[in-house]
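What follows is the residue order along each chain.
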Amino acid sequence: MFTGALAAVRQTAPTAPPFAPTFSTDSTVPSATSGHTAILNALSAPATSSVPFGCPAPTTEPPPPSIPAHCPTKPESILATLSGAETPGHSVYLSRRGNSIRQHQGILQEGYTQYHADKYQHTDNPNGIINMGTSENKLCYDLLHKRVREGEETGGNRGGRVLVMCLLENMTQPDMLHIDPALLQYPDWKGHRFLREEVSRFLSHYCGSPRPLRVYPDNVSVCVLDAILIPTPFYGVITEDVHLYSGVRLFHVHLDCEPSGSGSRPFHLTVDKLEEAMRKAISEGLNVRAVVLVNPHNPLADVYSPQEMTGFLEFAKRHKLHAIVDEVYMLTVFEDTVTFHSVLSMDSLPDPQRTHVMWGMSKDFAMAGMRVGTVYSDNRDLVEALDKLGMFHGVPGPIQHQMAILLQDKDWINGKFLPENRLRMQAAHRYMTGELQSLGVPYLHRPAGFYIWADLRKYLYEPSFVEELSLWRCFLRHKVVLSCGQAFHCSTPGWFRIVFTDRQQHLTLGTFRCFSLLMIAGEENRCREMLIFFPPPFSPSSLFYPVFL
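Throughout, a residue's number is its position along its own chain's written sequence, starting from 1. Given that this is a predicted model, residues contribute local features only at a pLDDT of at least 70 and side-chain atom pairs are listed and counted only at 80 or more, while totals for whole chains, interfaces and linings are drawn from all residues. Side-chain numbers come from the whole structure's heavy atoms, not from hydrogens or water.

The name an unreviewed UniProt entry gives the protein chain is 1-aminocyclopropane-1-carboxylate synthase-like protein 1, with Oncorhynchus kisutch as the organism. UniProt positions are given in the numbering used here, feature names are shortened, and annotations may be inferred rather than shown by experiment. What UniProt states about the protein chain under its Sequence similarities (unreviewed entry) heading is, verbatim, "Belongs to the class-I pyridoxal-phosphate-dependent aminotransferase family."

**Student:** What should I look at first to understand a nonpolar patch on the surface in this one?
**Tutor:** Two distance rules govern patches: like charges are joined within 9 Å, and nonpolar side chains (Val, Leu, Ile, Met, Phe, Trp, Tyr) within 5 Å, applied only to residues with over 30% relative accessible area and no salt bridge. The Shrake-Rupley method, run with a 1.4 Å probe, gives the accessible areas here. Residue values count only the displayed protein chains as cover. In the sections that follow, a salt bridge refers to a side-chain nitrogen of Lys or Arg positioned within 4 Å of a carboxyl oxygen of Asp or Glu. A cluster of nonpolar side chains, contributed by V92, Y93 and L94, occupies part of the molecular surface with about 400 Å² of accessible area. Here L94 lies in the loop between α1 (35–44) and α2 (96–103). Classification of residues uses two cut-offs on accessible area relative to the type maximum, computed with a 1.4 Å probe and protein chains only: under 20% is buried, over 50% is exposed, and between them is partly exposed. For L94, a relative accessible area of 36% corresponds to the partly exposed category. Secondary structure elements are defined from DSSP: runs of H or I of at least 4 residues count as helices, runs of E of at least 2 residues count as strands, and each element is numbered from the N terminus.

**Student:** Explanation requested: the nonpolar core in the structure shown.
**Tutor:** A general tendency of soluble globular proteins is for nonpolar side chains to be buried together. Counting residues in hydrophobic clusters, the biggest one holds 134 residues, and the most contacted among them are F202, L229 and F365. Take this core: its biggest share by element is ten residues, from helix α12 (residues 410–439). Contact between two residues is taken to exist if any of their heavy atoms lie within 4.5 Å; hydrogens are not considered. In this structure F365 touches L144, F202, W359, L406, L407, W412, I413 and F417, once residues within four positions along its chain are discounted. To qualify as a nonpolar core, a set must consist of buried Ala, Val, Leu, Ile, Met, Phe, Trp, Tyr and Cys residues joined through side-chain atoms within 4.5 Å.

**Student:** Looking at this structure, I do not really get the packing of aromatic side chains. What am I missing?
**Tutor:** The geometry of an aromatic ring pair is captured by two quantities: the separation of the ring centres and the angle between the planes. The rule is short: rings of Phe, Tyr and Trp, with Trp giving its six-membered ring, pair when the centres are within 6.5 Å, and they are stacked under 30 degrees, edge-to-face over 60, tilted in between. Using the criterion set out here, one finds 16 aromatic pairs in the structure. Measuring from ring centre to ring centre gives 6.1 Å for W453 and W495, while their planes differ by 15°; the resulting arrangement is stacked. With a gap of 42 residues between them, W453 in strand β11 (residues 451–455) and W495 in strand β14 (residues 495–499) connect regions that are remote in the sequence. Exposure class is identical for W453 and W495. Each is buried. In textbook terms, an aromatic cluster arises when at least three aromatic residues are bridged by ring pairs, as seen for F202, Y206, W359, F365, W412 and F417.

**Student:** Is there a simple way to explain the packing of helix α5 (residues 193–206) against α12 in this structure?
**Tutor:** Think of two packed helices as two axes; the pair is described by the angle between the axes and how far apart they sit. To define axes, lines are fitted to C-alpha atoms, for helices over the stretch in contact only, and angles between the resulting N-to-C directions are given on a 0 to 180 degree scale. Running from N to C, α5 and α12 point in directions that differ by 50°, and their axes come no closer than 13 Å. Classified by the angle their axes make, α5 and α12 are oblique. In this structure, α5 meets α12 at a crossing whose hand is right-handed. Between α5, through E198, F202, H205 and Y206, and α12, the contact on the second element is made entirely by K410, I413, N414 and L418. Here the angle decides the label: under 35 degrees means roughly parallel, over 145 means roughly antiparallel, 65 to 115 means roughly perpendicular, and every other value means oblique. Less than a right angle of anticlockwise turn of the near helix away from the far helix marks a crossing as left-handed, whereas a clockwise turn marks it as right-handed.

**Student:** For this particular structure, what's the right way to read helix α7 (residues 271–283)?
**Tutor:** Two residues of an α-helix separated by three or four positions point the same way, owing to the 3.6 residues in each turn. Multiplying 1.5 Å by the residue count of a helix minus one yields the expected span of that helix. An ideal rise of 1.5 Å per residue puts 18 Å on 13 residues; α7 measures up with 18 Å between its terminal C-alpha atoms. Buried residues of α7: L274, E275, A277, M278 and A281, and no others. An end-on view of α7 places all buried positions within 165° of arc, on one side of the element. Turned more than 90 degrees away from the buried face of α7 sit D272, E276, R279, K280 and S283, all of them exposed. Residues of α7 that are buried sit in contact with β5 (227–232), β6 (249–254), β7 (288–294) and α8 (306–318). Of the residues one or two after α7, G285 is the one with positive phi, at around 80°. What the arc measures is the spread of directions leading from the helix axis to the C-beta atoms.

Right under this line is the structure:
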């Protein structure tokens, strides 16, 4: 029986693209730390320590005729590695750990930083960068901006009854603007009880829990954590969450991009692969204490079946591992033939005391900027440990009030937001997959998430991560941000995550920029062997830039 505590958690402002799932902490602990971070901090600290669109149908209009900033035209340079920012030097004012954090650099952060410095704007900055790398849903801002309410008014025709559609700005409706003195004071660090109770009702309903999830007090006890298992590819900022905050090692369970047999699929996670990774970690002397499971998956967009999730949780129980289950994309399934099953819908969990479920507002409600998430756990000891962290990462009281009011509005959620959001995601996904097919780009056709996992290996001159990074940076110079596989610790170079949940104009122009570059890259790869016949500075790409750019 689920009797765990809920915690509303504020997630950190992204050090990398907010395309990462919104992570939160077990139970309801208002926190600016991601859930992975907070849970791992709690698990790894010594027991005696304290750890301070609307998207209309695709248009047929041709994309804008010009694209900014060509990549270099030398044949060897279109996929040549571009020099990034230099690593900051050692600071005498910081500790060794402080310098390590300051000097940390990541691919996702690099692209996101450049995007924010040069954002595309149709009128003010038409040559700016289009972001197709950050996992945000930009299709439904109009639905969030206005919440439709129906009312009846006497007068007029139809027997004196007239249906009035009151379009009120969602976040400025009177029920969203209430400020009680208690909202301006220090709250329970797990979050105000009214929000925790509302989240418990929300998750009970949408996760299909056989019994209502409850909010209870909690107690403390923490254990030592040396390493955690995590299948690759995975949302890359988990590395920053874990390494920069807690120093815990991530032990990768590498998944193969090629199916291994009948019934298998690309990047197929199985219990056998988890067992194999566990044996290898033990042979290296690691004390593995947890496994991270993301469902629906980021970046693969796989939706694991109840049978698969049960197998993973039973594996965790056999090895006494905490199972950190990230379900932040649970309402992003847009294909009618696929159903998401939360682990909270199980009649009984294999090991409820070591199973912790994370969910947040950023993906399912297209509110990445709100940085609010929750974690549900039966383990009251863990919840209390997370409570200690909450005082440093609290969600503002007025934000908690707004989120509670929003979650209460089931008529708007079920009658307007979720159905319309699903239709728009279907249309955007159909458009992007059609473009990929027209270029002959293989990809994983999956039913959830804001992104497509695409195979661009044929555009690499050689199968290396150096070439993959070069292609990624060339996209960036071509004014498009994508996310390359190595940012997700993919074991095979050449895979990219492409986000499709953007407005039609942005999606069309971003796709045009990407695909024109890929056509050039493909031609250069085919012509490289011919270069011996042409003296420098001839480049085959010079034949194609005038056509596409």
